[in-house]
Amino acid sequence: MRKRSAKTILSVLTCLSLGQWSHAERDARLSHATGKVSIISADGTATIVDPKDVPLPLQVGETVATDAPGSATIQLDAENTVELDAKSRLEIKDLDSAWTKLSLPFGRIFAKIEEKLRAKDRRMNVITRTAVLAVRGTEFAVEASDDDADPGGLGVFEGKVETEFTALGVTTPVEVSADQEVVFARSGPLPRPRAIERFALARQRMVMLRKRHSKLRKAWKQLSSRRRNQIRQRMRSRRQGRR
């Protein structure tokens, strides 16, 4: 019995040290919306956001879509804020706190990632059609499109972002530091970071995002699973009532 207990304890410690047990899921929510903002479920069903439903808990597989004019602010726990510009889509691929994944098929986002991900041995990726961005705690803007002539780019205002140019078949990431930008490419030579030009106007948008992030973080209240389900059920009931 003692040998079995010792083996059990050793197994538990091994799992913990290797990170084999599941990590907590982030509390993702739509915290602010202007204009026409929709939530597209994994099955393709789109629901226009009612201001009464904000803050609205978000789930893996859902896409937040904005029309023009319009914008949406998403929080990933209290420390991280992502803002969608007009005519943008952001899909939530994975909310595991150890490795969070967001997909930007087209449009533009601005992000204030205050959480020190590297210190916590956590990862966060933003995936576009041409590149995968590894975020470690920073401020940045990303543009993405399906236009071969202009597939988008990345501008970094604080911290660093590692960029892997998947469309070029390059697996070695390029580091983009503060006050630098890089333009994505689907063919040709490997893009290199340069001083910010394309994203110069985005600096002012980041000033506004910092202020919004600060207010949202101060007002942040953790939602229990029960409360999250109640809010989402209210949204579903309202949607069914409009049919």
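Structural notes, computed from the coordinates. (Residues numbered from 1 in each chain as written. Predicted model: local features only at pLDDT ≥ 70, side-chain atom pairs only at ≥ 80, totals over all residues. Heavy atoms only, no water.)

## Observations regarding unusual backbone geometry
Omega for the peptide link from Val54 to Pro55 comes to 5°, which places this bond in the cis form. Along the polypeptide, Pro55 turns up in the loop between β2 (46-48) and β3 (56-57). A cis amide bond links Ala68 to the next residue, Pro69, at an omega of -5°. Of note, the phi angle at Asp77 is positive, near 65°, even though the residue is not glycine. Take Asp77: it is sitting in the loop between β4 (63-76) and β5 (80-84). Note on Asp77: relative accessible area 18%, which makes it buried. Positive phi, close to 70°, is recorded for Asp179, a residue that is not glycine. (Helix = DSSP H or I, 4+ residues; strand = E, 2+ residues; numbered from the N terminus. Buried < 20%, exposed > 50% of the residue type's maximum accessible area, 1.4 Å probe, protein only.)

## A word on the nonpolar core
Counting residues in hydrophobic clusters, the biggest one holds 41 residues, and the most contacted among them are Leu30, Val64, Phe140 and Leu154. The leading source of residues in this core is strand β7 (residues 99-113), at five residues. The residues contacting Phe140, other than those within four sequence positions of it, are Ile109, Phe110, Ala111, Ile113, Val126, Val135, Leu154, Gly155, Val156, Phe157, Val161 and Met206. Counting residues in each nonpolar core, the second largest holds eight residues, with Phe110, Ile196, Ala202 and Leu209 among its members. (Core = buried A, V, L, I, M, F, W, Y, C linked by side-chain atoms within 4.5 Å. Contact = heavy atoms within 4.5 Å.)

## A look at the packing of aromatic side chains
Following the criterion strictly, the structure yields one aromatic pair and no others. Seen in terms of ring centroids, Phe165 and Phe184 are 6.5 Å apart; in terms of plane orientation they differ by 70°. Their pairing is edge-to-face. Taken together, the residues Phe165 in the loop between β12 (160-164) and β13 (174-177) and Phe184 in the loop between β14 (180-183) and β15 (194-195) connect sequence positions 19 residues apart. Like Phe165, the residue Phe184 is buried in the burial classification. Of note, Arg29 hangs over the ring of Trp220, and the distance from its end group to the ring centre comes to 3.6 Å. Here Arg123 stacks its cationic end above the ring of Trp99, 4.3 Å away from the centre of that ring. (Phe/Tyr/Trp six-rings, centres within 6.5 Å; stacked < 30°, edge-to-face > 60°. Lys NZ or Arg CZ within 6 Å of the ring centre and 35° of its normal.)

## Some details on the pattern of salt bridges
Summed over the entire model, instances satisfying the criterion amount to 25 salt bridges. As a salt-bridge pair, Arg122 and Glu115 come within 2.7 Å of each other at their nearest N and O atoms. We classify Arg122 as partly exposed; its relative accessible area is 24%. The exposure class assigned to Glu115 is buried, which follows from its relative accessible area of 0%. Across the pair Arg194 and Glu181 runs a salt bridge, and its minimum N-O distance is 2.8 Å. You can see Arg194 sitting in strand β15 and its partner Glu181 sitting in strand β14, a full 13 residues away along the chain. By relative accessible area, which is 36% here, Arg194 ends up partly exposed. (Salt bridge = Lys/Arg side-chain N within 4 Å of Asp/Glu carboxyl O.)

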